[in-house]
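Listed below are the residues making up each chain.
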Amino acid sequence: MKMNFNFRKHVALLSILAFISLFNAGSVYAQKNTSVKIIINPDHKGPVINRHIFGHFAEHLGTGIYGGIWVGLDSEIPNTRGIRNDVVEALIELKVPNVRWPGGCFADQYHWRDGIGTPDERNSRINVSWGGAPEPNSFGTHEYFDFLNQIGSEAFVSANVGSGTVQESADWLEYLTATGSTLAEERDRNGHPDPYDVEFWGIGNEVWGCGGPFTPQEYITELKKFATFTTNYNTDVNTQFVAVGPDSFDEFSFGYTEAIMKAWANKTWTWNIQGLSLHNYTRGGYPPEIPATDFDEKQYAEVIQETLGMDEFIAENRAIMDKYDPNTEVSILVDEWGAWYAPTEGTNPGFLQQQNSQRDAIIAALNFNIFTRHAERVHGANIAQMINVLQAVILTEDEKMILTPTYHAFRMYVPFQDAARLDIEFDAGKYQIDDIELPRVDVIAAKGKDGQIYVAITNIDPNNTASFELPIEGFTINNIKGETLYASEIDAHNTFDNPDNVAPKKIDPKVSQNKIAVNVQPQSLTVLEINTKK
Ligand code: AHR
């Protein structure tokens, strides 16, 4: 009887705990632990994870450039030649490999001559793509390259195909890269005698939509002209020409990959491309209605599910490219990706301003992992966008600046830049809510340029911790360090009043009996650095 009584009490207590757990997703009551074994094969090196996979995108849109980067020479906000110092300092930490500029849709309304010469005499225009905002052109070519130089990054210029001419594009790249021509002398008079390095040259943007609109065949006619007559004269750099490819959302863009790769396979000696751009946002339809904060677990799972669709989108395009280009001469550059939510209330909807939460750090990590798994073909990707716009890494308000959870994800992944992907095995398990089934965890590993092994672990599951065990096979350990980005609420975010609410913390993984053991929190991102002995 007594045992029965106790048993009933125990069951009752469990029921209460289960009940509480329903309303405390992520709380201690709901948590159980999943055990995951990761086998790393340090000798099976895969392709290099091109550092350009961690690229950024900065468009003339909202306060992305004006306010976010450029405050002007007379600003009281500390700046160097008009570019804010706090932002530069933060971006240096990310080792930003390239910044795609000036758009986006804006690129196809941008005329580069508006943005050179004496600032007071520059043409001002109206940014018709984004909120009808005034465009003073104070941030132009030289300011962009000054910014790149200050943060130690490379150039990805998107040329105007939609409303520009082939001659305009040819002149811009000559102005940037030539020596001894009239345009080179003009650059010199404008303060830069040496040619600039231009790593990437985008031939238009979303030419099936805001940058055209062209059918694939119409664009191919333009592409051939722009690629034939736009020349890089700086022999220190092999500028990569990037053609416009599809967007996962836009029905008009379907068929671009097939048409362009077919045209490329049959090309003449006069033109070439080295990259094909893909765009893929997490936005659940248009206009975007997903809230950036104050969402529930189901909404979280829906967004993660959509994000994971990046894998299939790349795989489908890769398969088409493999048919025409089996030797991977043309790379995929996912030069716009990120979460696109409903705009922050009270802001100009054309400015695409949104908060950034722990969910966004998970989204960033999952995208990095997908790009890494496709590293044979994906040689670049650009987060949309760098500052104050969409899934930004930095938010500013006048003189204030905060780093977002997405910033921390980028910073934690820095060692993966140009690292060699390592083969790993693990059981991702399953996280389910209603009809949505997702992998519970995701992991990638790489051998860094410094010779150390790096492992990135994402725990997608918002309710359960996970303990990982990594048998030490094929390498010996000198020491091991780790960092984790965790927040008890999945929509936790940083604000100007509470800038470090979500920030990485050091962890201390244990090594015993020839295994590394690490426990990761729900809805978290962890990066381990395994210092191996020679
Ligand atoms: O990043 C915002 C916009 O999204 C870009 O300007 C455009 O290329 C895409 O549709």
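Basis of the calculations
- Residues numbered from 1 in each chain as written.
- Predicted model: local features only at pLDDT ≥ 70, side-chain atom pairs only at ≥ 80, totals over all residues.
- Heavy atoms only, no water.
- Helix = DSSP H or I, 4+ residues; strand = E, 2+ residues; numbered from the N terminus.
- Contact = heavy atoms within 4.5 Å.
- Core = buried A, V, L, I, M, F, W, Y, C linked by side-chain atoms within 4.5 Å.
- Buried < 20%, exposed > 50% of the residue type's maximum accessible area, 1.4 Å probe, protein only.
- Domains from an automatic or database assignment.
- Salt bridge = Lys/Arg side-chain N within 4 Å of Asp/Glu carboxyl O.
- Pairing = 2+ DSSP bridges.
- Axes fitted to C-alpha atoms, helices over the stretch in contact; angles between N-to-C directions.
- Left-handed = near helix turned anticlockwise from the far one by under 90°.
- Nonpolar A, V, L, I, M, F, W, Y, C, P; charged D, E, K, R; others polar.
- Near = heavy atom within 4 Å.
- Polar contact = N/O pair within 3.5 Å; in protein donor to acceptor, adjacent residues only side chain to side chain.
- Areas by Shrake-Rupley, 256 points an atom, 1.4 Å probe, with all protein chains shown as cover.
- Buried area = accessible area lost by both parts, 1.4 Å probe.

Quick notes on unusual backbone geometry
Phase 1: A cis amide bond links Trp 101 with the next residue in sequence, Pro 102, at an omega value of 5°.
Phase 2: Here Pro 102 lies in the loop between strand S6 (98-101) and strand S7 (125-127).
Phase 3: Here the amide bond leading from Gly 212 into Pro 213 is cis, since omega sits at -5°, within 30 degrees of zero.
Phase 4: Structurally, Pro 213 is set in the loop between strand S10 (200-203) and helix H6 (216-229).
Phase 5: Not every positive phi belongs to a glycine, and Arg 81 is a case in point at roughly 50°.

Some remarks on the environment of Ile 477
Phase 1: By the element assignment, Ile 477 lies in strand S23 (residues 477-485).
Phase 2: Sequence-wise, Ile 477 and Asn 531 are 54 residues apart; in three dimensions their C-alpha atoms are separated by 6.0 Å.
Phase 3: Sequence-distant contacts of Ile 477, that is, excluding residues within four places in its chain, are made with Ile 472, Val 511, Ile 516, Ile 530, Asn 531 and Lys 533.

Quick word on the nonpolar core
Phase 1: Among the nonpolar cores identified, the biggest contains 110 residues, and Leu 91, Trp 201, Tyr 219, Trp 337 and Phe 416 are the most heavily contacted of them.
Phase 2: Looking at this core, you find at least three residues from each of domain 1 (2-48 + 422-533) and domain 2 (51-417).
Phase 3: Once residues lying within four places of it in the same chain are set aside, the contact partners of Trp 201 are Val 157, Ala 159, Ser 169, Trp 172, Leu 173, Leu 176, Thr 230, Thr 239, Gln 240, Phe 241 and Val 242.
Phase 4: Leu 422, Val 441, Val 520 and Ile 530 belong to the second largest nonpolar core, which has 22 residues in total.

Remarks on the pattern of salt bridges
Phase 1: Scanning the entire structure with this criterion turns up 24 salt bridges.
Phase 2: Here Glu 222 ties to Lys 225 by a salt bridge, and the two come within 3.6 Å at their closest N and O atoms. Taken together, the residues Glu 222 and Lys 225, both in helix H6 and 3 residues apart, mark about one turn of the helix.
Phase 3: Residue Glu 222 is classed as buried on the basis of its relative accessible area of 19%.
Phase 4: Shared partners join several salt bridges into a network, and the residues in it are Arg 51, Glu 154 and Asp 418.

Some details on the sheet that holds strand S21 (residues 453-459)
Phase 1: With antiparallel pairing, 7 strands are arranged side by side in an open sheet as S2-S17-S20-S21-S27-S23-S24. Each having just a single partner strand, strand S2 (39-48) and strand S24 (505-507) make up the two edges of the open sheet. Ignoring which end each strand starts from, the neighbouring axes of this sheet average 25° apart.
Phase 2: Sheet analysis places strand S20 (residues 441-447) next to S21, joined by 7 bridges and oriented antiparallel. In the sheet register, Ala 445 faces S21, and the bridge partner there is Val 455.
Phase 3: The sheet contacts of helix H10 (residues 358-373) involve strand S17 (420-425), S20, S21, S23 and strand S27 (524-532), and relative to S20 the element is tilted by about 55°.

Looking at the packing of H10 against helix H11 (residues 405-412)
Phase 1: Close contact between H10 and H11 brings their axes to 7 Å; oriented N to C, the two are set at 35°. Read as a crossing pair, H10 and H11 show a hand that is right-handed. Facing H10, whose interface residues are Gln 358, Asp 360, Ala 361, Ala 364 and Phe 368, H11 presents Pro 405, Thr 406, Ala 409 and Phe 410.
Phase 2: Looking at the contact of H10 with H11 residue by residue, the class counts come to 6 nonpolar, 2 polar and 1 charged.

A word on the site of the ligand
Phase 1: Every residue close to the ligand is listed here: Phe 57, Glu 59, Gly 104, Cys 105, Trp 130, Asn 205, Glu 206, Tyr 281, Glu 336, Trp 340, Gln 385 and Leu 390.
Phase 2: In the model, an oxygen atom of the ligand is placed 2.7 Å from a nitrogen or oxygen of the Glu 59 side chain.
Phase 3: Residue Cys 105 places a main-chain N or O atom 2.9 Å away from an oxygen atom belonging to the ligand.
Phase 4: In isolation the ligand exposes 280 Å². Once the protein is present, 95% of that is buried.
Phase 5: For the shell around the ligand, the class distribution of residues is 6 nonpolar, 3 polar and 3 charged.

A closer look at the pairing of strand S12 (residues 275-282)
Phase 1: Of all 8 residues in S12, 8 are buried, a share of seventy percent or more.
Phase 2: Both faces of S12 are covered, namely the face carrying Gly 275, Ser 277, His 279 and Tyr 281 and the face carrying Leu 276, Leu 278, Asn 280 and Thr 282.
Phase 3: Examined bridge by bridge, strand S11 (residues 240-247) and S12 share 4 bridges and lie parallel to one another. The partner of Ala 243 across the bridge, within S12, is Leu 276.
Phase 4: Pairing of S12 with strand S13 (residues 331-339), which is carried by 7 bridges, proceeds in the parallel orientation. If you follow Gly 275 over to S13, its bridge partner there is Ser 331.

What to know about the domain arrangement of the protein
Phase 1: Each domain of the protein was delimited in the assignment, giving domain 1 (2-48 + 422-533) and domain 2 (51-417).
Phase 2: Computed over C-alpha atoms, the centres of domain 1 and domain 2 are 33 Å apart.
Phase 3: Taken together, both faces of the contact between domain 1 and domain 2 bury some 3500 Å²; the carbon and sulfur share is 69%.
Phase 4: The largest per-residue losses of area from domain 1 upon contact with domain 2 belong to Ile 444, Ile 490 and Phe 496, which jointly make up 21% of the total buried on that side.
Phase 5: Linking domain 1 to domain 2 there are 4 salt bridges.
Phase 6: Close ionic contact of Lys 298 with Asp 435 constitutes a salt bridge, the shortest N to O distance being 3.8 Å.
Phase 7: Counting every contact that joins domain 1 to domain 2 gives 15 residue pairs in polar contact (both at pLDDT 80 or more).
Phase 8: Elements represented by at least two residues in the side of domain 1 that touches domain 2 include exactly S2, strand S18 (431-433), strand S19 (436-438), S20, S21, S23 and S27.
Phase 9: Grouping the amino acids of the side of domain 1 that touches domain 2 by side-chain chemistry returns 30 nonpolar, 11 polar and 7 charged.

Concerning the side chain of Gln 385
Phase 1: Assignment of secondary structure puts Gln 385 in the loop between strand S14 (378-384) and strand S15 (394-397).
Phase 2: On the basis of relative accessibility, which here comes to 3%, the residue Gln 385 falls in the buried class.

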